[in-house]
Amino acid sequence: MKVTIIGYKNHSVRLFKILTDIGIDVNLWNHHKDDFVDVIDSDCILISSPNDTHINYIKKILNESSAYIFCEKPPVTNLEDLEYLSNLSSVKKERIFFNFNYRFSEISNILKDNDFGKPVHFNFVSSHGLALKDSFKDNWRFTTSDDLMGVYGTVAVHYIDLCLWLLGECVETNIHRFNFSNSKTIDSITIDMKFKNGCTTNIFVSYVTPFVNKADLIFDNGILELDNGKIKLYEPRESFDEHGHFTKPHSRCIVDNNSSKDYYNASLKKSLSFFIDNVREKNKLNVDDFNMSIKSNEILLNKIGDIDD
C-alpha cells in the first residue's frame with residue numbers, strides 16, 4: 001500500500017511518525033520541490049497543508065487519482081468551496097475522510113459506553129502561547145486576515161465538531177473574538193452553543209495564554225472532568241455531607257494519560273488507524289460522517305461574518 005502525506009513539516013511530521021510507528025510505509029510530499037505525478041498512484045493521500053490549500057488538493061486528487069483522501073480540518077475556508085464538497089456524488093464522498101480526531105478521543109469513547117444521565121452543560125478550554133512566540137510570528141496561522149487559518153479554524157473547529165458528534169443538532173451559536181497579539185488574524189475565541197436536546201456548551205480557545213487543556217462535561221447524574229490528559233468522574237448527584245446538604249461527589253480517575261499531548265495523540269492514532277484499516281479493506285467511508293464534517297465547517301463559515309468583537 002502506498003501512502004503519501006502532502007506536507008513536509010510540523011503536523012505532517014507528526015502524522016508521518018504515528019503511521020511509521022504502526023508499521024505503515026509513508027512518503028512525505030513537498031510542494032516546493034516534488035512533482036505531483038509522484039502522488040497520484042498512491043492508495044491514499046493525506047492532506048496536511050495550510051487550511052486554504054485543502055480544496056485544491058481535494059479537487060486535484062479526485063480528478064487525477066483513485067486514491068482515498070484523508071484531509072485535516074477544517075475541510076475548507078469559504079462557503080463556495082463548502083458547496084462544492086456538499087454537491088459531490090456519494091461515490092466521491094465515500095473516498096474522503098476529514099480528520100476530526102476528537103471523535104476518537106477518550107471522552108467520546110467513555111460517553112459511547114456509559115450513561116451519566118442527560119447532558120446539561122459542556123465547557124472546553126484549550127490554549128497556549130503560540131501567537132507570542134517569535135519563531136511563529138511569520139507562520140501562516142498569523143500572517144493572513146482569514147480567521148479560519150488561525151485558532152478559530154484550527155482548534156475551535158475540533159470542539160464544535162465534538163459537540164455535534166456527542167449532542168446532535170445545534171440550534172443556536174454565538175461567537176466572540178479577541179486579538180491580543182496584534183497578528184492579522186484573531187488569536188482568541190469564545191463560542192456559545194445551544195443544542196436541540198437542551199444542552200449548552202462553551203468553548204474557549206486561544207494562542208496567547210499559559211498552557212491549559214481542560215473540559216468539564218456536566219450531566220444530571222455525573223461530571224466528567226478532563227485536565228491535561230487525565231479524566232476524572234464525579235458521581236452520583238445524590239452526594240450529601242453529614243448535615244444532609246448536597247456536596248461535591250467523590251471522584252475516581254478513569255483515564256490517566258501523562259499529558260494532554262498523549263491524550264491528543266491517542267485520538268489521532270485511532271483516527272489514522274481507522275482510516276488506514278478502511279483503505280486496506282477498500283471499504284466505502286461513511287457519508288453521514290462526511291456530512292457531519294461539512295456541518296461543523298458550515299457553522300464556522302456561517303458565523304464568521306457576524307462575530308462579535
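Before going into details, it helps to say that this report is about the structure given with it. (Residues numbered from 1 in each chain as written. Predicted model: local features only at pLDDT ≥ 70, side-chain atom pairs only at ≥ 80, totals over all residues. Heavy atoms only, no water.)

Glancing now at the nonpolar core. Side chains of nonpolar character tend, in soluble globular proteins, to be buried together. Core analysis: the biggest nonpolar cluster contains 87 residues, and Leu 46, Leu 224 and Phe 275 have the highest contact counts within it. Of the residues forming this core, the biggest block, 11 residues, is contributed by helix H6 (residues 151–167). Look past the residues within four positions of Leu 46 in its chain and what remains in contact with it is Val 3, Thr 4, Ile 5, Ile 6, Leu 15, Leu 19, Phe 70, Leu 272 and Phe 275. (Core = buried A, V, L, I, M, F, W, Y, C linked by side-chain atoms within 4.5 Å. Buried < 20%, exposed > 50% of the residue type's maximum accessible area, 1.4 Å probe, protein only. Helix = DSSP H or I, 4+ residues; strand = E, 2+ residues; numbered from the N terminus. Contact = heavy atoms within 4.5 Å.)

Once that is clear, we can look at the environment of Lys 282. Position of Lys 282 among the secondary structure elements: in the loop between helix H7 (260–280) and helix H8 (287–304). Take Lys 282: its relative accessible area is 67%, and that puts it in the exposed class. Each C-alpha atom of the pair Lys 282 and Lys 261 lies 31 Å from the other, and the pair is 21 residues apart in sequence.

The next point concerns the pattern of salt bridges. Applying the stated criterion to the full structure yields 13 salt bridges. Lys 33 is the partner of Asp 34 in a salt bridge, and the nearest nitrogen-oxygen pair spans 3.4 Å. Judged by relative accessible area, Asp 34 falls into the partly exposed class, the value being 25%. Here Asp 277 and Arg 280 are joined by a salt bridge, their closest N and O atoms 3.4 Å apart. Of the two residues, Asp 277 and Arg 280 both sit in helix H7, three residues apart, roughly one turn of that helix. Looking at Asp 277, the relative accessible area reads 40%, which means it is partly exposed. (Salt bridge = Lys/Arg side-chain N within 4 Å of Asp/Glu carboxyl O.)

Moving on to the pairing of strand E12 (residues 230–234). When a strand is regular, its side chains alternate between the sheet's two faces. Bridge count for strand E11 (residues 222–227) against E12 is five bridges, and the pairing is antiparallel. From the neighbouring strand, Leu 224 faces E12, where its bridge partner is Leu 233. If you look at the hairpin formed by E11 and E12, you'll find two residues sitting between the two strands, and Asn 228 has a positive phi there, around 50°. When E12 meets strand E13 (residues 251–256), the two strands line up antiparallel, connected through five bridges. Along E13, the bridge assignment pairs Lys 230 with Asp 256. (Pairing = 2+ DSSP bridges.)

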